[in-house]
Amino acid sequence: MPLGLAALFEAVPIAFTAVRVIGAAYLIYLGVQAIRNRNSGPMDVAIGGAGMSGRRAYLSGLTTNLLNPKESPQ
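Residues numbered from 1 in each chain as written. Predicted model: local features only at pLDDT ≥ 70, side-chain atom pairs only at ≥ 80, totals over all residues. Heavy atoms only, no water.

Scanning the protein chain from terminus to terminus reveals four helices and zero strands. Traced from its N-terminal end to its C-terminal end, the protein chain shows the element sequence α-α-α-α. Across the 74 residues of the protein chain, 8% fall into the buried class. (Helix = DSSP H or I, 4+ residues; strand = E, 2+ residues; numbered from the N terminus. Buried < 20%, exposed > 50% of the residue type's maximum accessible area, 1.4 Å probe, protein only.)

Structure, rendered in structure tokens:
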């Protein structure tokens, strides 16, 4: 018996499609942000001392992980 999101995706197949579409939109957003900020590479951040806070990095990783389902419902 599946638990968590797998159970939701099995019960409501449209939810899987919605998560996939939202995940794709988020990846496009990340790509656009990377293109817009391409002049500030990793070395610029390290030298300047500016960067992403730990909380923001965690939330970004969590969002990416949650919006990237690994299995399709059967």
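What follows picks up the thread again.
On to a nonpolar patch on the surface. A grouping of Leu5, Leu8, Val12, Ile14, Tyr58, Leu59, Leu62 and Leu66 is seen on the molecular surface, where their side chains present a nonpolar patch of about 740 Å² in accessible area. Elements supplying a minimum of two residues to the nonpolar patch: helix 1 (5-11) and helix 4 (54-66). Here the nonpolar patch gets four residues from one element, more than from any other, and that element is helix 4. (Patch = residues over 30% accessible without salt bridge, like charges linked within 9 Å, V, L, I, M, F, W, Y side chains within 5 Å. Areas by Shrake-Rupley, 256 points an atom, 1.4 Å probe, with all protein chains shown as cover. Salt bridge = Lys/Arg side-chain N within 4 Å of Asp/Glu carboxyl O.)

Let us now look at the UniProt feature "transmembrane region" (unreviewed entry) in the protein chain. Residues annotated in UniProt with the feature "transmembrane region" (unreviewed entry) correspond here to residues 12-32. Across residues 12-32 one finds 95% helix and 0% strand; the C-alpha atoms that close the span lie 31 Å apart. (UniProt positions renumbered as here; feature names shortened; annotations may be inferred.)

The subject of this paragraph is the environment of phenylalanine 16. Structurally, phenylalanine 16 is set in helix 2 (residues 13-36). The buried category is assigned to phenylalanine 16, whose relative accessible area is 9%. Remark: the alpha-carbon pair of phenylalanine 16 and leucine 67, spanning 51 residues in sequence, is separated by 9.9 Å.

In this structure the tally under the stated criterion is two aromatic pairs. Look at phenylalanine 9 and phenylalanine 16: their rings are 5.2 Å apart centre to centre, the planes differ by 75 degrees, and that puts the pair in the edge-to-face class. The same class applies to phenylalanine 9 as to phenylalanine 16, namely buried. Geometrically, the ring pair formed by tyrosine 26 and tyrosine 29 is stacked, given 6.2 Å between the ring centres and 25 degrees between the ring planes. One end of the pair is tyrosine 26 and the other is tyrosine 29, both in helix 2 and three residues apart, which spans about a single turn. For tyrosine 29, a relative accessible area of 44% gives the class partly exposed. (Phe/Tyr/Trp six-rings, centres within 6.5 Å; stacked < 30°, edge-to-face > 60°.)

On to the packing of helix 2 against helix 4. Closest axis-to-axis distance for the helix 2/helix 4 pair is 9 Å, and the angle between their directions is 140 degrees. Comparing the axis directions of helix 2 and helix 4 gives the class oblique. On the side of helix 2, the interface is formed by Val19, Tyr26 and Leu30, while helix 4 contributes Ser60, Thr63, Thr64 and Leu66. (Axes fitted to C-alpha atoms, helices over the stretch in contact; angles between N-to-C directions. Parallel < 35°, antiparallel > 145°, perpendicular 65-115°, else oblique. Contact = heavy atoms within 4.5 Å.)

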